[in-house]
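# Fold and contact review
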Amino acid sequence: MSRLEQLRAMALRKLIHVVLSVFLVIPFIVNLGIYGISTTLYFTLITLGVSVIYVIQVKRPIITIMLLDALTSARRSILQQITKSPISSAIPLDTLDDSLMKLEKTVKELLDNVERDYERRGGYLGILMGAIGVLISQLLTGNYVIYGIVSVIVYDTMSALGGTLLGRVKLPFSNATMEGALVGMASLAIVLFILTNQLVGSLAITVVAALAEAYGMEDNLAIPVTTSLVALVLKLPIIV
């Protein structure tokens, strides 16, 4: 796979990452209290839901296989229904079948590019760890969890894209690249400084995020917990 193809696949994966992460920001932009839902309860429900999906995915055919099977079944059903209909002679069935098969192939290629190898073997562990990491951060630091959420969204996304596009030099004892780390750090530092106007605190959280991503067992778990704790210790302003 060329570097451009790798970048395209990574960009799509991180777009999904950002879209899913938006759900983590909801307690800070919507007053859930009027519905009797605290921030802790909200993150608990998110974690519970993701855990159930993860267990189902691990114990049964994974979601992607089920989706591809559903597309194949739908294609066959459509062709059967058209064949039995009075207008079947007016429809080029071979052309329609080829078009539907191309759609299946496109979806499969898309999923192959988005999924990582360990996700195919053992489920979407990163999503589960992200939900658990945010819940733990909320329990330990309260609303400072927002620093962990912002760090996961910005640093994880930008470091991955930067590493895919520019990565050449590996960090010691890590699969992360120096170039990716620098892109992620610069991006996160700028975002945090804009939100807090705290230069030292922003840089401290940025360094911790980089270390957590490079040397943590699972970055979606390590980044929110460590960065939220640092924000709490430094008593940075709550971003709400």
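Now for a quick tour of the structure. (Residues numbered from 1 in each chain as written. Predicted model: local features only at pLDDT ≥ 70, side-chain atom pairs only at ≥ 80, totals over all residues. Heavy atoms only, no water.)

## What to know about helix 9 (residues 199–215)
Compared with the 24 Å implied by 1.5 Å per residue over 17 residues, the 24 Å span of helix 9 between its first and last C-alpha is a close match. For helix 9, the full list of buried residues reads Gly-201, Ser-202, Ile-205, Thr-206, Ala-209, Ala-210, Ala-212 and Ala-214. Its buried side turned inward, helix 9 meets helix 7 (145–166), helix 8 (178–196) and helix 10 (219–234). (Helix = DSSP H or I, 4+ residues; strand = E, 2+ residues; numbered from the N terminus. Expected span 1.5 Å × (residues − 1). Buried < 20%, exposed > 50% of the residue type's maximum accessible area, 1.4 Å probe, protein only. Contact = heavy atoms within 4.5 Å.)

## A look at the packing of aromatic side chains
Each aromatic ring pair is described using two quantities: the centre-to-centre distance and the angle formed by the ring planes. Tallied over the full model, the rule gives two aromatic pairs. Their ring planes at 65 degrees and their centres at 5.7 Å tell us that Tyr-42 and Phe-43 sit as a pair that is edge-to-face. By the burial criterion, Tyr-42 is buried, and Phe-43 matches it. (Phe/Tyr/Trp six-rings, centres within 6.5 Å; stacked < 30°, edge-to-face > 60°.)

## Thoughts on the packing of helix 7 against helix 9
Running from amino to carboxyl end, helix 7 crosses helix 9 at an angle of 60 degrees, the nearest separation of the two axes being 10 Å. The chirality of how helix 7 crosses helix 9 is right-handed. Mapping the contact onto sequence places Tyr-147, Ser-151, Tyr-155, Asp-156 and Ser-159 in helix 7 and Ile-205, Ala-209, Ala-210 and Glu-213 in helix 9. Taken together, the residues of the contact of helix 7 with helix 9 sort by class into five nonpolar, two polar and two charged. (Axes fitted to C-alpha atoms, helices over the stretch in contact; angles between N-to-C directions. Left-handed = near helix turned anticlockwise from the far one by under 90°. Nonpolar A, V, L, I, M, F, W, Y, C, P; charged D, E, K, R; others polar.)

The values reported here are purely geometric and, on their own, carry no functional implication.
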